Amino acid sequence: MKQKDFLGRRAIGVTALGAALMLVLAGCSAGGTGQAASEPFTGEYAGPKVELSYWNGFTGGDGPFMETMVSEFNAEHDNIKVVSNTMQWTDFYQRLPAAVTAGEGPDVGVMHLDQLASNAARNVIVPIDDLAKDLGLTADDFTEDVWNAGVYKDARYGIPLDVHSLAMYYNTEHFAAAGITEAPTDAASFQDALGKLKAAGYDTPFWMPTRWPSHLMNLSVMWQNDGEPYGDDGATFDSAAGVEALEWQRSVVDDGYSPSDVAIDSQYVAFKNGETSITWDGIWQINDLAESGLPHAVAPIPTIGETDAVWANSHNFFLPRQAKADQNKVDASKVFIAWMSEQSAEWAGSGMIPARQSVRDAGALDGLPQAVIAETIDSMRFLPPIPGIGGVQAETLEIAVADGVQGTTPPSESLKKAADTATKLMEDNKASFGG
Amino acid sequence: MSTKVGERVLPTGRARRPSASEPGTRKNRGTQQQGKATPWLFLAPYLLLFGSFVIIPAVLGVWISLHSWDYTLPNKPFVGLDNYIALFSPGSTVFGPFWGSMRATGIFTVLSVPLLLIVPLAVALLMSRKFPGRDFLRAIYFAPYVLGVAVISVLWRYLLDNNIGLVNHYLGLLGLPDDTAWTTSTPAAWVALVGVTVWWTLGFNAVIYLAGLQDIPIELYEAARVDGAGPWMQFLNVTLPGLKPILSFITIITLLASANMFGQSYLMTQGGPGRETRTAIYQIADTGLRNFQMGSAAAMSYVLTIFLMAISAFVFYIFREKQPKKEVRS
């Protein structure tokens with residue numbers, strides 16, 4: 001509510017829409033549908049000086065590290081200057097299609113694996129098969145899911161940089177005080193650890209978030225219970241596996257290991273302040289926690305269900321569609337992607353796990369905290385490459401999980417309702433994206 | 001025939017008229033020498049902006065609302081009234097979220113508007129008295145309004161956090177319940193959203209009230225006192241009637257601003273718990289800009305617009321001036 005905005009305007013309830021419409025107008029006028037020309041990639045750029053606009057969403061503990069790498073790239077390349085534009089990922093996925101449609105998109109960017117199909121279907125990003133070939137990237141150097149998710153309708157759209165998963169962070173001081181010597185690995189040892197921590201005076205050792213990353217915890221445990229969130233005929237996250245996962249999340253609150261109604265981000269802040277002993281968060285927070293000086297350690301999340309599984313995602317480089325193809329910029333962008341892919345060992349310093357097996361085998365993770373997480377790479381699970389799945393999940397599963405954890409709706413009921421909606425939305429998406 | 005001739009004469013006749021009129025009346029000549037286009041020329045800059053940012057989008061919005069419109073896709077099939085029908089069909093995917101958000105907007109408006117009308121009036125009445133430090137206090141009350149919605153929301157999100165926030169901490173020190181989930185449960189979230197909004201924007205309404213209070217002639221108060229009216233009677237019979245024109249202005253803009261609330265719930269509660277505090281504008285922005293369903297979002301906008309127009313008309317009706325006695329300055 002911003003009252004000064006309303007002085008010159010009466011009864012127009014289309015604030016948001018107004019902005020949207022301008023985008024539409026801009027989109028119509030840009031009208032360029034020309035694909036970025038794909039000439040053979042030589043690996044080097046010898047053309048005139050270019051400036052590349054590089055969009056990404058590294059706002060966490062990984063951000064400063066990416067900035068350093070960009071500076072290094074700029075220092076090594078006299079005729080290419082990469083200017084990065086970092087924004088929250090949620091804003092990123094909203095702005096990128098708008099900017100590209102308006103002909104104002106970046107020259108190169110990074111997005112998540114589960115967004116590649118959506119953006120390929122929306123014609124926001126262009127195929128880069130030639131680049132993958134020229135970089136000498138092949139399927140056997142990657143986890144199958146990661147490699148295949150970059151392909152939409154037989155064309156490759158993404159060059160995987162890393163994989164990153166959920167992990168368990170724990171306060172080593174609290175663990176020592178409670179007499180826990182090893183990180184819990186399954187439901188029983190996890191329960192045991194919570195009990196010991198509580199007995200040692202840590203009243204709420206494991207804060208259960210209601211929002212991010214609660215749905216990622218739900219997906220992880222659902223996969224551990226051998227469930228799948230999405231099938232060929234729509235959403236299946238209301239299966240017994242999913243309900244059981246959400247019931248377990250709620251039980252952490254009911255059993256008193258977590259306060260109720262944890263607000264967004266406060267479980268992480270509480271962990272950093274030493275108010276809670278365990279938190280599950282992404283490995284991208286490794287540097288942030290290291291800097292905080294908190295005595296902590298990282299371990300794979302325990303297997304609450306039957307099978308080892310953990311939610312994971314992957315950052316992929318892409319080239320956006322351009323209104324006016326500038327071959328120099330395209331070539332320079334490819335040089336940038338190639339350089340980054342080759343330096344993915346260095347990127348491991350950001351807390352991420354390099355996507356390429358060859359890089360991992362060469363010792364990129366030696367001595368790094370996420371090395372223990374990388375060992376579980378075969379149990380990492382990714383969302384299927386279905387166009388529009390990100391938006392569907394945000395509107396359905398995320399809210400159902402929040403309701404379930406807060407206890408406002410029984411898990412089975414909230415998931416059932418959300419899954420029905422998700423299935424309908426997925427059918428709508430199928431129709432609009434042409435299957 | 002004669003009328004036709006008359007009509008034809010007019011254009012030339014108009015040019016001749018000034019010389020025919022009396023030479024002394026400068027005012028007359030001034031207006032008549034200007035062509036019919038003059039007012040339009042003066043209006044042009046505003047009309048251009050109004051046209052391109054209000055009229056054209058509003059008309060285009062109707063067009064979009066009749067399509068399944070995803071601006072990133074080449075095909076935007078015409079669907080007729082399907083977007084509107086879906087909004088009114090209980091089984092559809094948009095029905096629940098949309099009417100839930102309309103309900104949230106309604107709750108917020110009903111709770112916040114009375115407070116935003118009364119509290120700033122009380123503040124303005126206090127601030128119109130003469131006492132030491134008055135200007136300083138006036139600035140203090142207005143200060144939050146200069147902050148952006150992002151600043152105040154993030155600030156209060158942390159202050160109000162149920163587990164790590166300062167508000168609950170101090171409530172606890174005072175011996176009050178310190179476990180209220182201000183941002184993650186209802187109705188506490190509504191208390192938080194309304195409270196923060198009142199704190200944030202009361203300065204704006206108070207300034208307008210202050211201007212209005214200074215417009216009421218002091219003689220009226222003197223006359224009332226002579227008639228034996230105490231402070232309360234003076235307030236009822238002099239202050240309130242004197243503020244009536246301003247009251248209608250404040251009521252309308254406060255109503256519209258409250259009905260368009262978005263930033264606070266987006267940033268403080270993320271629409272939660274669940275989607276309870278997700279307002280109509282939030283839902284429209286989410287549908288149109290995040291999920292690219294512009295057609296459906298446009299239809300929602302029009303339904304909301306119709307509601308707001310009806311409410312505005314009702315407020316105008318209540319505050320209608322039967323006989324304007326006093327010049328309105330606002």
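Quantities reported herein were computed from a predicted structural model and do not represent experimental measurements. (Residues numbered from 1 in each chain as written. Chains lettered and ligands numbered in written order. Predicted model: local features only at pLDDT ≥ 70, side-chain atom pairs only at ≥ 80, totals over all residues. Heavy atoms only, no water.)

**With respect to the UniProt feature "domain: ABC transmembrane type-1" (unreviewed entry) in chain B**
The UniProt record marks residues 102-315 of chain B with the feature "domain: ABC transmembrane type-1" (unreviewed entry), using the residue numbering of this structure. Secondary structure over residues 102-315 of chain B splits into 74% helix and 0% strand, and the C-alpha atoms at its two ends are 19 Å apart. (UniProt positions renumbered as here; feature names shortened; annotations may be inferred. Helix = DSSP H or I, 4+ residues; strand = E, 2+ residues; numbered from the N terminus.)

**A few points about empty space enclosed by the protein**
In total, this model carries five cavities of 30 Å³ or more according to the counting rule given. In this model, the largest cavity occupies a volume close to 80 Å³. Taken together, 13 residues form the lining of the largest cavity, with Thr210 and Arg211 of chain A together with Thr183, Thr184 and Thr269 of chain B sitting closest to its centre. For the lining of the largest cavity, the class distribution of residues is five nonpolar, seven polar and one charged. (1 Å grid on protein atoms, 1.4 Å probe; cavity = no way out; pocket = protein on both sides within 12 Å on 5 of 7 lines; lining within 4 Å. Points joined across faces, edges and corners; volume = space filled by probe spheres on them. Nonpolar A, V, L, I, M, F, W, Y, C, P; charged D, E, K, R; others polar.)

**Observations concerning the environment of Leu247 of chain B**
Residues and elements named next belong to chain B. Within the fold, Leu247 resides in helix H11 (residues 231-259). For the pair formed by Leu247 and Leu267, sequence separation is 20 residues and the distance between their alpha carbons is 31 Å. In this structure, Leu247 is in contact with Tyr209 and Phe319, ignoring residues within four places of it in sequence. (Contact = heavy atoms within 4.5 Å.)

**A look at a nonpolar patch on the surface**
All names here are of chain B. On the surface, a cluster of nonpolar side chains totalling about 440 Å² of accessible area is made up of Phe131, Phe136, Leu137, Ile140 and Tyr141. Along the chain, the position of Ile140 falls in helix H6 (residues 134-142). Exposure remark for Ile140: the relative accessible area of 42% places this residue in the partly exposed category. (Patch = residues over 30% accessible without salt bridge, like charges linked within 9 Å, V, L, I, M, F, W, Y side chains within 5 Å. Areas by Shrake-Rupley, 256 points an atom, 1.4 Å probe, with all protein chains shown as cover. Salt bridge = Lys/Arg side-chain N within 4 Å of Asp/Glu carboxyl O. Buried < 20%, exposed > 50% of the residue type's maximum accessible area, 1.4 Å probe, protein only.)

**Points about the packing of H6 of chain B against helix H9 (residues 188-214) of chain B**
Residue and element names in this part refer to chain B. For the pair H6 and H9, interaxial distance at closest approach is 7 Å and the crossing angle is 135 degrees. Accordingly, the angle class assigned to the pair H6 and H9 is oblique. Facing Arg138, Tyr141 and Phe142 of H6, the residues of H9 in contact are Leu202, Gly203, Phe204, Val207, Leu210 and Gln214. A breakdown of the residues in the contact of H6 with H9 according to their chemical character gives six nonpolar, two polar and one charged. (Axes fitted to C-alpha atoms, helices over the stretch in contact; angles between N-to-C directions. Parallel < 35°, antiparallel > 145°, perpendicular 65-115°, else oblique.)

**Remarks on the pairing of strand S1 (residues 50-56) of chain A**
Residue and element names in this part refer to chain A. Extensive coverage of S1 is indicated by the burial of five of its seven residues. By the bridge criterion, seven bridges tie S1 to strand S2 (residues 80-86) in an arrangement that is parallel. When the bridges of S2 are listed, Val50 appears paired with Ile80. Following the chain from S1 across helix H2 (residues 63-76) to the adjacent parallel S2, one finds a crossover that is right-handed. Pairing geometry for S1 and strand S3 (residues 108-112), over two bridges, is parallel. Bridging across to S3, Trp55 finds its partner in Gly109. (Pairing = 2+ DSSP bridges. Right-handed = clockwise from strand over helix to strand, strands pointing away.)

**Focus on the packing of aromatic side chains**
Residue and element names in this part refer to chain B. One pass over the structure, following the stated rule, counts 39 aromatic pairs over all chains. With a centroid separation of 5.3 Å and an interplanar angle of 75 degrees, the aromatic rings of Tyr266 and Tyr282 are classed as edge-to-face. Of this pair, Tyr266 sits in helix H12 (residues 263-269) while Tyr282 sits in helix H13 (residues 280-290), placing them 16 residues apart in sequence. Residue Tyr266 is classed as partly exposed on the basis of its relative accessible area, which comes to 25%. (Phe/Tyr/Trp six-rings, centres within 6.5 Å; stacked < 30°, edge-to-face > 60°.)

**Topic: unusual backbone geometry**
Of note, the amide linkage connecting Trp212 of chain A to Pro213 of chain A takes the cis form, showing an omega dihedral of -5 degrees. As for its position among the elements, Pro213 of chain A is in the loop between helix H8 (187-199) and helix H9 (214-224). Looking along the chain, the bond that leaves Thr186 of chain B and enters Pro187 of chain B is cis, with omega of 5 degrees. Phi is positive for Lys153 of chain A, which is not a glycine, with a value near 50 degrees. Tracing the backbone shows Lys153 of chain A in the loop between strand S5 (151-152) and strand S6 (155-156). Classification of Lys153 of chain A by relative accessible area gives exposed; the value is 55%. Even without glycine at this site, Asp261 of chain A takes up a positive phi of about 55 degrees. Tracing the sequence through the fold places Asp261 of chain A in the loop between helix H10 (240-254) and helix H11 (266-272).

**Things to note about the domain arrangement of chain A**
All names here are of chain A. Per the domain assignment, the segments making up chain A are domain 1 (46-164 + 313-375) and domain 2 (165-311 + 386-433). Distance between the C-alpha centres of domain 1 and domain 2: 28 Å. Taken residue by residue, the interface counts 23 residues in domain 1 and 18 residues in domain 2. Across the interface of domain 1 and domain 2, roughly 1,500 Å² is buried in total on both sides, 65% from carbon and sulfur atoms. If you sort the residues of domain 1 by the area they bury against domain 2, Gly61, His164 and Ile373 come out on top, with a joint share of 32%. (Domains from an automatic or database assignment. Buried area = accessible area lost by both parts, 1.4 Å probe.)

**Quick word on the UniProt feature "transmembrane region" (unreviewed entry) in chain B**
Here the UniProt-annotated "transmembrane region" (unreviewed entry) positions come out as residues 46-66, 106-127, 139-159, 188-211, 246-267 and 299-319 of chain B. The straight-line gap between the two end C-alpha atoms of residues 46-66 of chain B is 29 Å; of that span, 95% is helix and 0% is strand.

**Digging into the pattern of salt bridges**
On inspection of all chains with the given rule, the structure shows 15 salt bridges over all chains. Of the charged contacts in the structure, one is a salt bridge between Asp107 of chain A and Lys329 of chain A, with a shortest N-O distance of 3.7 Å. Taken together, the residues Asp107 of chain A in the loop between helix H3 (89-101) and S3 and Lys329 of chain A in helix H13 (residues 327-342) connect sequence positions 222 residues apart. Accessibility expressed as a relative area gives 10% for Asp107 of chain A, which makes it buried. Where Arg134 of chain B meets Asp135 of chain B, a salt bridge forms, and the shortest distance between an N and an O atom there is 3.9 Å. Within this structure, Glu395 of chain A together with Arg275, Arg278, Asp286 and Arg290 of chain B form a network of salt bridges that share partners.

**Examining the packing of H10 of chain A against helix H19 (residues 411-433) of chain A**
Any two packed helices are characterised by the angle at which their axes cross and by the distance between the axes. Residues and elements named next belong to chain A. In contact at an axis separation of 9 Å, H10 and H19 are set at 130 degrees when each is read in the N-to-C sense. One way to sum up the angle between H10 and H19 is to call them oblique. Regarding H10 and H19, the two cross each other, and that crossing is right-handed. Residues Gly242, Val243, Leu246 and Glu247 of H10 form the contact with H19, whose participating residues are Pro411, Ser412, Ser414 and Leu415. Across the contact of H10 with H19, the residue classes break down as four nonpolar, three polar and one charged. (Left-handed = near helix turned anticlockwise from the far one by under 90°.)

**What about the side chain of Asn316 of chain A?**
Residue and element names in this part refer to chain A. Relative to the elements of secondary structure, Asn316 occurs in strand S12 (residues 310-320). Residue class for Asn316 comes out buried when judged on its relative accessible area of 0%. Among the polar contacts listed, one links the side chain of Asn316 to the side chain of Ser314, at a separation of 3.0 Å. Not counting residues up to four positions away in its chain, the partners in contact with Asn316 are Gly109, Val110, Met111, Leu113, Leu116, Gly158, Ile159, Pro160 and Leu161. (Polar contact = N/O pair within 3.5 Å; in protein donor to acceptor, adjacent residues only side chain to side chain.)

**Quick notes on the environment of Tyr221 of chain B**
All names here are of chain B. Here Tyr221 shows up in helix H10 (residues 218-226). You can call Tyr221 buried: its relative accessible area is 15%. Along the sequence, Tyr221 and Phe235 sit 14 residues apart, while their C-alpha atoms lie 9.2 Å from each other. With near-sequence residues (within four places) excluded, Tyr221 lies in contact with Ile216, Gln234, Val238 and Thr239.

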